[in-house]
Amino acid sequence: MSNTAKFDLDGTVYEFPTLEGCEGEKAIDISTLRSKTGYITLDDGYGNTGSCSSAITFIDGDKGILRYRGIPIEELAEKSTFIEVAYLLIYGHLPKRSEMRKFSDMLTENQILHENMKHHFEGFPDHSHPMAMLSSMINASSCFYPGLMGPASRDRFDKHAARLISQVRTIAAFSYRKSRGLPITYPKPAYKYTPNFLHMMFSEPYAEYEPKVEVLRALDLIFLLHADHEQNCSTSTVRMVASSQANLFASAAAGVCALWGPLHGGANQAVIEMLQEIHTSGDDGRRFIEEAKDKNSGKRLMGFGHRVYRNYDPRAKIIKGACDALFKALKISDPLLEIAQRLEDAALHDSYFVERKLYPNVDFYSGIIMRAIGIPTEMFTVLFAIGRMPGWIANFKEIIEDPKSRINRPRQVYVGPTLSHYVPMAEREE
Ligand code: ACO
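This one's a predicted model, so the numbers in the text were calculated from it and none came from an experiment.

1. Here we look at the overall build of the protein chain
1) Next: The helix and strand tally for the protein chain stands at 18 helices and six strands.
2) Next: Radius of gyration (C-alpha) of the protein chain: 24 Å, near the 22 Å computed for a compact globule of 430 residues.
3) Next: Relative to all contacts within the protein chain whose residues are 6 or more apart in sequence, the contacts with residues 24 or more apart total 70%.
4) Next: Accessible area for the protein chain stands at about 22200 Å²; split by element, carbon and sulfur atoms hold 52% of it.

This is the structure:
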């Protein structure tokens, strides 16, 4: 690889250093472009822009590779747990037994919300979307932990990171209970992370929820598969907010807001709504595929396509397998699963999707698993947020530990009116 890139601009040749990541991805360092040439780059949607160097997650979208801290997602899905993966992402290595015990204890110690936080839930109208409650409540948590406001020390970071991973699950379950007018169920210290979440979601004062092992494994896997995905929309948002030295909770709340949209984490809810619409209309999927190809229809095949993957999303492959295994183990069926399988098959053999390299992404089958577990549709993206929290925290940590970190501040190409002057109201034409 050449060490420099040469640009010929207005007759002058400029040189810029090139660099190569540890997996061979190549970049041109243009940090001096504007000062040297007066030009900036324009990259709508950031499809070609590296916003940072990061040591957390590696993706090769053409080959369908995803690795957390170097470890293939397939190995982690088979052998690890969500909480072990959370440690791996945040601290950069697989935990030793003692580290795992300490981390797990910190999660348990920090799982209960400040009692006054409960009053905030009372203020939300019934049927509020749990994503709105989740982002508001994570942000409101900043008020209860003054230590968040100081400089981010290692000790404080560890505690706040554990608190956030643990409490996002408590807030999520409380939000659901509140949105359904149900009494809040407190976490149980004896329960591990995923069983505790299901307990807070579904136990009633008069009846303890007892999840099946297959259900626990499937949900833990969903959290694990969502744990990080390098510089996606919500993680970039977290890094953007963190770059201003805003605290961890404020940065994570911003991540939740970015995740909510249907083109990002909200796609898992949108997929089920799409499948339900197809089912109700009596379509076998063929009509919908035609509509998804028509730009004027305003419809897309939700759960298909990805900015980075131009191949099968490796998480989708794992989730599809887990979905089949769960349905078999629970001896259940779902007409929406059959529609999803038909849609996938049709799209993978349709030139529109083949030419554009549109494959199923992580959201295509995750909603079907969550539905089988009994998670209500409006909670799907909330579960994505619970899963993504360790990734956001790991990215936050990279920012605060980087001595060269600067506030993120992109530029723009201005295309509005050129100089014009203020006209008093009386002189403006009606
Ligand atoms: N259905 C139909 N057509 C699609 C789809 C789709 N799901 N996705 C992309 N296309 C088409 C576009 O219309 C475009 O066609 P054109 O070249 O003829 O104009 C082409 O494929 C490229 O699409 P872009 O929108 O430019 O791709 P981009 O990288 O900007 O968007 C995105 C990626 C947002 C994921 C897109 O594929 C999409 O909207 N998918 C559906 C929503 C979804 O599943 N989101 C979840 C993503 S994964 C995640 O966030 C966890």
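Here the narrative resumes.
2. Some points on the environment of Thr 49
1) Next: Along the polypeptide, Thr 49 turns up in the loop between α1 (33-37) and β4 (57-60).
2) Next: Here the alpha-carbon distance between Thr 49 and Ile 28, two residues 21 residues apart in the chain, equals 9.8 Å.

3. Things to note about the site of the ligand
1) Next: Around the ligand there are 22 residues in total, and Arg 300, Leu 301, Gly 303, Phe 304 and Arg 307 lie nearest to it.
2) Next: At 2.9 Å, a side-chain N or O of His 264 approaches an oxygen atom of the ligand.
3) Next: Between an oxygen atom of the ligand and a side-chain N or O atom of Lys 295, the distance comes to 3.1 Å.
4) Next: In isolation the ligand offers 920 Å² of accessible surface; the protein chains occlude 77% of this area.
5) Next: Per-class residue counts for the shell around the ligand are 11 nonpolar, five polar and six charged.

4. A few points about the side chain of Asn 196
1) Next: Following the sequence through the fold, Asn 196 ends up in helix α8 (residues 193-202).
2) Next: Exposure remark for Asn 196: the relative accessible area of 0% places this residue in the buried category.
3) Next: Among residues more than four places away in sequence, those in contact with Asn 196 are Gln 111, Arg 169, Pro 187, Lys 188 and Tyr 191.

5. Regarding the sheet that holds strand β3 (residues 26-28)
1) Next: Strand order in the open sheet formed by three strands is β1-β2-β3, with antiparallel pairing between adjacent strands. Both edges of this open sheet fall to β1 (4-9) and β3, since each of them pairs with a single strand only. The average angle at which neighbouring strand axes cross in this sheet is 30°, direction not considered.
2) Next: Summarising the sheet, β1 and strand β2 (residues 12-20) pair through six bridges and their orientation is antiparallel. When the sheet's bridge partners are listed, Leu 9 is paired in β2 with Thr 12.

6. Let's talk about the nonpolar core
1) Next: The biggest cluster of nonpolar side chains holds 116 residues, and the ones touching the most others in it are Ile 138, Phe 197 and Ile 375.
2) Next: Of all the elements, helix α18 (residues 380-401) adds the most residues to this core, at 12 residues.
3) Next: The contact partners of Phe 197, leaving out residues within four places of it in the chain, are Arg 169, Ala 172, Ala 173, Leu 219, Phe 223, Ile 375, Met 379, Leu 383 and Ile 386.

7. Topic: the sheet that holds strand β5 (residues 65-68)
1) Next: Taken in spatial order, the three strands of this open sheet run β4-β5-β6, and their pairing is antiparallel. Each having just a single partner strand, β4 and β6 (71-72) make up the two edges of the open sheet.
2) Next: Bridge count between β5 and β6: two bridges; the pairing is antiparallel. Following the sheet pairing, Arg 67 is matched in β6 by Pro 72.

8. Regarding a nonpolar patch on the surface
1) Next: Together, Leu 42, Val 413 and Val 415 line one region of the surface with nonpolar side chains, adding up to about 340 Å² of accessible area.
2) Next: Inspection of the secondary structure puts Leu 42 in the loop between α1 and β4.

9. Focus: the pattern of salt bridges
1) Next: Tallied over the full model, the rule gives 17 salt bridges.
2) Next: A salt bridge links Glu 204 to Arg 177; the shortest N-O distance between them is 2.8 Å. Within this pair, whereas Glu 204 is found in the loop between α8 and α9 (213-225), its partner Arg 177 is found in helix α7 (residues 154-179), the two being separated by 27 residues in sequence.
3) Next: Assessed through its relative accessible area of 21%, Glu 204 is described here as partly exposed.
4) Next: For Glu 290, the salt bridge goes to Lys 293, with nearest N and O atoms at 3.3 Å. Linking Glu 290 with Lys 293, this pair stays in helix α13 (residues 286-293), spanning three residues, or about one helical turn.
5) Next: Given the relative accessible area of 22%, Lys 293 is considered partly exposed.
6) Next: The network of salt bridges with shared partners includes Glu 277, Glu 291 and Lys 299.

10. Some points on the environment of Gly 261
1) Next: Following the sequence through the fold, Gly 261 ends up in the loop between α11 (248-260) and α12 (267-281).
2) Next: Residues Gly 261 and Ile 112, spaced 149 residues apart in sequence, show a C-alpha to C-alpha distance of 29 Å.
3) Next: The contacts of Gly 261, once residues within four sequence positions are left out, are Gly 266 and Ala 267.

Reading guide: rules and limits
Residues numbered from 1 in each chain as written. Predicted model: local features only at pLDDT ≥ 70, side-chain atom pairs only at ≥ 80, totals over all residues. Heavy atoms only, no water. Helix = DSSP H or I, 4+ residues; strand = E, 2+ residues; numbered from the N terminus. Rg over C-alpha atoms; globule rule 2.2 N^0.38 Å. Contact = heavy atoms within 4.5 Å. Areas by Shrake-Rupley, 256 points an atom, 1.4 Å probe, with all protein chains shown as cover. Near = heavy atom within 4 Å. Polar contact = N/O pair within 3.5 Å; in protein donor to acceptor, adjacent residues only side chain to side chain. Nonpolar A, V, L, I, M, F, W, Y, C, P; charged D, E, K, R; others polar. Buried < 20%, exposed > 50% of the residue type's maximum accessible area, 1.4 Å probe, protein only. Pairing = 2+ DSSP bridges. Axes fitted to C-alpha atoms, helices over the stretch in contact; angles between N-to-C directions. Core = buried A, V, L, I, M, F, W, Y, C linked by side-chain atoms within 4.5 Å. Patch = residues over 30% accessible without salt bridge, like charges linked within 9 Å, V, L, I, M, F, W, Y side chains within 5 Å. Salt bridge = Lys/Arg side-chain N within 4 Å of Asp/Glu carboxyl O.

The analysis is restricted to geometry; functional conclusions fall outside its scope.
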